[in-house]
Amino acid sequence: MTGSRRTCGLAMAAVLLLVLTACTAGFGELKLRIAAGNSGGVYYKLAQTLAGAWQTGLDIDRPQVLQTQGSPDNVDKVLTRQADVAFVAADVAADRYQARRDFAALARIHDDYLHIVVRADSDIRSVSQLSGHRIAIGSPQSGVEYIAEWLLLALGLRDSVGTTTRGLDDSVVALRNHEVDAFFWSGGLPTPKLLEPENRGRLRLLDLADVLPKVQALSPVYSTATIPASTYDQLLPVTTLVVPNFLVVPKSMPDDVAEALVRGLFDARPRLALANPAALSIDVHPGIETQPVPLHPGALRYYRAQKT
């Protein structure tokens, strides 16, 4: 009788061990690379925090955060399997999806605000006055370059300005050194680089209210919003273009991995908001709004579970 009980106990322990192993081993061998833009942008700050959250929540090695040129580069890295997750501006994602449907969305996250920045003492007061000036339009293959080129073309300014491709850090330095007269940037609010002590009071944003109807016609994903004056210690608020951001992954990603990543994203909202206030807008309800890029089936499974 004692031997029988012992055998039964061992059997039950073995079953329990198998159950616990199935529950805890899960994603232990999963390796993730996150394409996250340049180190001065909101993408990169959020990616670093998200990497830590996924490491803990999925019990995996810390995901590698890749410094990249920006949205076009990010989505290309997913398509070529050089990255597993990418932060991508919605206009770039929509454009790429028309050509290659090999990726899907996990969530809509924060919105980016278009910044057209001049020196505080500049005579340039409107976008039309950029004609004849030198402008930095973002890093090559970046979302900033993408939207800058479209805007300049739509407003008939493309042939009347001199452009140079520079990242955010270089653009700020070039503007302060009078190497350019303005620069484009698209990022969350606030963008940390623009709040550094050496930049406070030396930069000013242009208001886009008079040109936004022409620019919005370029893509259905664009909307408008106001950047409060307090964001960058400006004298006045400015109206500008807003571009949503998506997290995208290869369509081939297993459903359970995609579902776990989405769960980890929303569980990490408090930590993400501490990394940058732009993350305060991350929420389950707008998270599903990734049109025209479809949600990954694993992500969709997560969102449906939240309604039950």
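In case you missed it, the structure is sitting above this.
Computed from a predicted structure; not experimentally measured.

1. Concerning a nonpolar patch on the surface
Phase 1 of the analysis: Judged by side-chain polarity, Trp150, Leu153 and Leu218 come together as a nonpolar surface patch covering roughly 290 Å² of accessible area.
Phase 2 of the analysis: With respect to the helices and strands, Leu153 occurs in helix α5 (residues 143-154).
Phase 3 of the analysis: A relative accessible area of 55% places Leu153 in the exposed class.

2. A few points about the side chain of Asn74
Phase 1 of the analysis: Structurally, Asn74 can be placed in helix α3 (residues 71-79).
Phase 2 of the analysis: Its relative accessible area of 0% is what places Asn74 among the buried residues.
Phase 3 of the analysis: At 2.4 Å, the side chain of Asn74 forms a polar contact with the side chain of Thr68.
Phase 4 of the analysis: Setting aside residues no more than four positions away along its own chain, Asn74 makes contact with Ala35, Ala36, Gly37, Tyr43, Thr68, Ala86, Phe87 and Val88.

3. Topic: the side chain of Thr231
Phase 1 of the analysis: Structurally, Thr231 is set in the loop between β9 (223-227) and β10 (238-250).
Phase 2 of the analysis: Thr231 sits in the buried class, given a relative accessible area of 17%.
Phase 3 of the analysis: Excluding residues within four positions of it along the chain, Thr231 makes contact with Leu189, Pro190 and Leu195.

4. Notes on helix α4 (residues 90-99)
Phase 1 of the analysis: Across the 10 residues that make up α4, a large majority, seven, are buried.
Phase 2 of the analysis: Residues of α4 that are buried: Ala90, Asp91, Val92, Ala93, Ala94, Arg96 and Tyr97.

5. Some thoughts on the pairing of strand β4 (residues 103-119)
Phase 1 of the analysis: Counting buried residues in β4 gives 17 out of 17 residues, a clear majority hidden from the surface.
Phase 2 of the analysis: In this sheet, β10 lies alongside β4 in antiparallel orientation, the contact comprising eight bridges. Of the residues in β10, the one forming a bridge with Ala104 is Val249.
Phase 3 of the analysis: Across three bridges, β4 lies against strand β8 (residues 203-205) in antiparallel orientation. By the bridge assignment, Val118 is partnered in β8 with Arg204.

6. Topic: the packing of aromatic side chains
Phase 1 of the analysis: Counted according to the given criterion, the structure contains five aromatic pairs.
Phase 2 of the analysis: Note on Tyr97 and Phe103: the rings are 5.6 Å apart at their centroids and 85° apart in plane angle, and the pair reads as edge-to-face. Like Tyr97, the residue Phe103 is buried in the burial classification.
Phase 3 of the analysis: Here the aromatic cluster, defined as three or more aromatic residues joined through ring pairs, consists of Phe266, Tyr302 and Tyr303.

7. Considering the pairing of β10
Phase 1 of the analysis: With 12 of its 13 residues buried, β10 lies for the most part within the structure.
Phase 2 of the analysis: Taken together, the four bridges between strand β3 (residues 85-89) and β10 define a ladder with antiparallel strand orientation. Bridge pairing in β10 places Ala86 opposite Val248.
Phase 3 of the analysis: Here β9 pairs with β10 via five bridges, running antiparallel. The residue bridging Ser223 from the neighbouring strand is Val242, located in β10.

8. Quick notes on the pattern of salt bridges
Phase 1 of the analysis: Per the stated rule, a full pass over the model turns up 17 salt bridges.
Phase 2 of the analysis: For the salt bridge of Arg108 with Asp111, the shortest nitrogen-to-oxygen distance reads 3.1 Å. The burial state of Arg108 is the same as that of Asp111; both residues are buried.
Phase 3 of the analysis: Each of Arg108, Asp111 and Glu289 takes part in a single network of salt bridges with overlapping partners.

9. Quick word on the environment of Phe27
Phase 1 of the analysis: Secondary-structure assignment places Phe27 in the loop between α1 (2-25) and β1 (33-35).
Phase 2 of the analysis: The spatial distance from the C-alpha of Phe27 to the C-alpha of Asp170 is 39 Å, given a sequence separation of 143 residues.
Phase 3 of the analysis: If we skip the residues at most four places from it in the chain, Phe27 touches Leu58, Asp59, Ile60, Asp256, Val257 and Ala260.

10. Some details on α3
Phase 1 of the analysis: Counting buried residues in α3 gives eight out of nine residues, a clear majority hidden from the surface.
Phase 2 of the analysis: Just past α3, the residue Arg81 takes up positive phi, approximately 60°.

11. Observations concerning the environment of Ala154
Phase 1 of the analysis: With respect to the helices and strands, the residue Ala154 is situated in helix α5.
Phase 2 of the analysis: A relative accessible area of 29% means that Ala154 is categorised as partly exposed.
Phase 3 of the analysis: Along the chain, Ala154 and Gln216 lie 62 residues apart, while their C-alpha atoms are 9.9 Å from each other.
Phase 4 of the analysis: If we skip the residues at most four places from it in the chain, Ala154 touches Lys214 and Leu218.

Basis of the calculations
Residues numbered from 1 in each chain as written. Predicted model: local features only at pLDDT ≥ 70, side-chain atom pairs only at ≥ 80, totals over all residues. Heavy atoms only, no water. Patch = residues over 30% accessible without salt bridge, like charges linked within 9 Å, V, L, I, M, F, W, Y side chains within 5 Å. Areas by Shrake-Rupley, 256 points an atom, 1.4 Å probe, with all protein chains shown as cover. Salt bridge = Lys/Arg side-chain N within 4 Å of Asp/Glu carboxyl O. Helix = DSSP H or I, 4+ residues; strand = E, 2+ residues; numbered from the N terminus. Buried < 20%, exposed > 50% of the residue type's maximum accessible area, 1.4 Å probe, protein only. Polar contact = N/O pair within 3.5 Å; in protein donor to acceptor, adjacent residues only side chain to side chain. Contact = heavy atoms within 4.5 Å. Pairing = 2+ DSSP bridges. Phe/Tyr/Trp six-rings, centres within 6.5 Å; stacked < 30°, edge-to-face > 60°.

Read these as geometric descriptors, not functional statements.
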